[in-house]
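# Survey of secondary and tertiary structure
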Amino acid sequence: MELIITPPIDCLHTVEDQPSYLLLMHLMKYEQYWKFFENKKNRYLILDNSAFECGEPQVDEMEKWIEKLEVDEVVAPDVLYDAKETYLRSKPFLERFKRAYPHIKVMGVIQGKNMKETRECIRRFLDLDFDVLAVPKWGAKKFARVPIFAESLSRYRVLMELLEYMDKYKRHVPIHILGVNDPEIEIPAFKTLARSIDTTWPFKVYKNFSLEKRFPKGLLSLAQSRIEYLKSLLKV
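The notes below deal with the structure included here. Predicted, not measured: the structure shown is a model, and the values here were computed from it. (Residues numbered from 1 in each chain as written. Predicted model: local features only at pLDDT ≥ 70, side-chain atom pairs only at ≥ 80, totals over all residues. Heavy atoms only, no water.)

### Considering the sheet that holds strand E7 (residues 175-177)
- With parallel pairing, the eight strands of this open sheet are ordered in space as E1-E8-E7-E6-E5-E4-E3-E2. Only two strands of the sheet have a single partner each, and these edge strands are strand E1 (2-5) and strand E2 (20-24). Between one strand and the next, the sheet's axes are offset by a mean angle of 25 degrees, whatever the strand orientation.
- Alignment of strand E5 (residues 105-109) against strand E6 (residues 132-135), held across three bridges, turns out to be parallel. (Pairing = 2+ DSSP bridges. Helix = DSSP H or I, 4+ residues; strand = E, 2+ residues; numbered from the N terminus. Axes fitted to C-alpha atoms, helices over the stretch in contact; angles between N-to-C directions.)

Here is the structure:
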């Protein structure tokens, strides 16, 4: 499994040598942000629609940035907790992008307000030509049975359903784990099951953490040590 760290804008230098990056559409308004990735066209770039950050998927200018930054993968539009609307938006997006950009992979994000809807979303997505399927943190939280480690445990439940349906449909696609808050738990649990995982966790040592706000220099060494710690979990 590949670990993708997503740092605040002013800390992008801490992941200078990372082989893959998750780019967020809502941050493309910052020149410092997109210029960093303009120099990373030899890396694997995944363009996320920022649905979680903005409440709605930001897809209007996606094609502009796909071409400008030569991205390798895009995240199809998804709607929080809504399997039907996610499907209705993702399907035409996928079909259009496969025609316009056949060389670019498309990631579908599984959604649903309960397990019944989530299973239906999984079944429908496996009938489509997605290159990657993602399990998001916000959908997973809905199915928590216990308060301790709820996000990780519920995401595990969704992931097991996805793997079961992949076996049933005889269609196996890579899996991405979106926006991990507890990588200490989820990296060991998912590292043999998922292609990749992304997290901002190392930088959440700052209580006022934001991708758009300045990160305190005094906490930078601690954040970097947390990055190295997560990398070590992949080797165990």
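So much for the structure itself; the text now carries on.
### Quick look at the side chain of Ser 50
- Looking at the secondary structure, you find Ser 50 in the loop between strand E3 (44-48) and helix H2 (51-54).
- A distance of 3.1 Å separates a polar atom in the side chain of Ser 50 from the backbone nitrogen of Met 25.
- Reaching out from Ser 50, the side chain makes a polar contact with the side chain of His 26 at a distance of 2.8 Å.
- Ignoring sequence-local partners within four residues, the contact set of Ser 50 consists of Leu 24, Met 25, His 26, Gly 55, Glu 56 and Gln 58. (Polar contact = N/O pair within 3.5 Å; in protein donor to acceptor, adjacent residues only side chain to side chain. Contact = heavy atoms within 4.5 Å.)

### With respect to the pairing of strand E8 (residues 196-199)
- Because side chains alternate across E8, one face comprises the buried residues Ser 196 and Asp 198, and the other comprises Ile 197 and Thr 199, equally buried.
- By the bridge criterion, four bridges tie E1 to E8 in an arrangement that is parallel. Its bridge partner lying in E8, Ile 4 is registered against Asp 198.
- Pairing between E7 and E8: two bridges, direction parallel. Each bridged residue has a counterpart across the sheet, and for His 176 the counterpart in E8 is Ser 196.
- Note on the crossover from E7 through helix H8 (residues 183-190) to E8: the handedness is right-handed. (Buried < 20%, exposed > 50% of the residue type's maximum accessible area, 1.4 Å probe, protein only. Right-handed = clockwise from strand over helix to strand, strands pointing away.)

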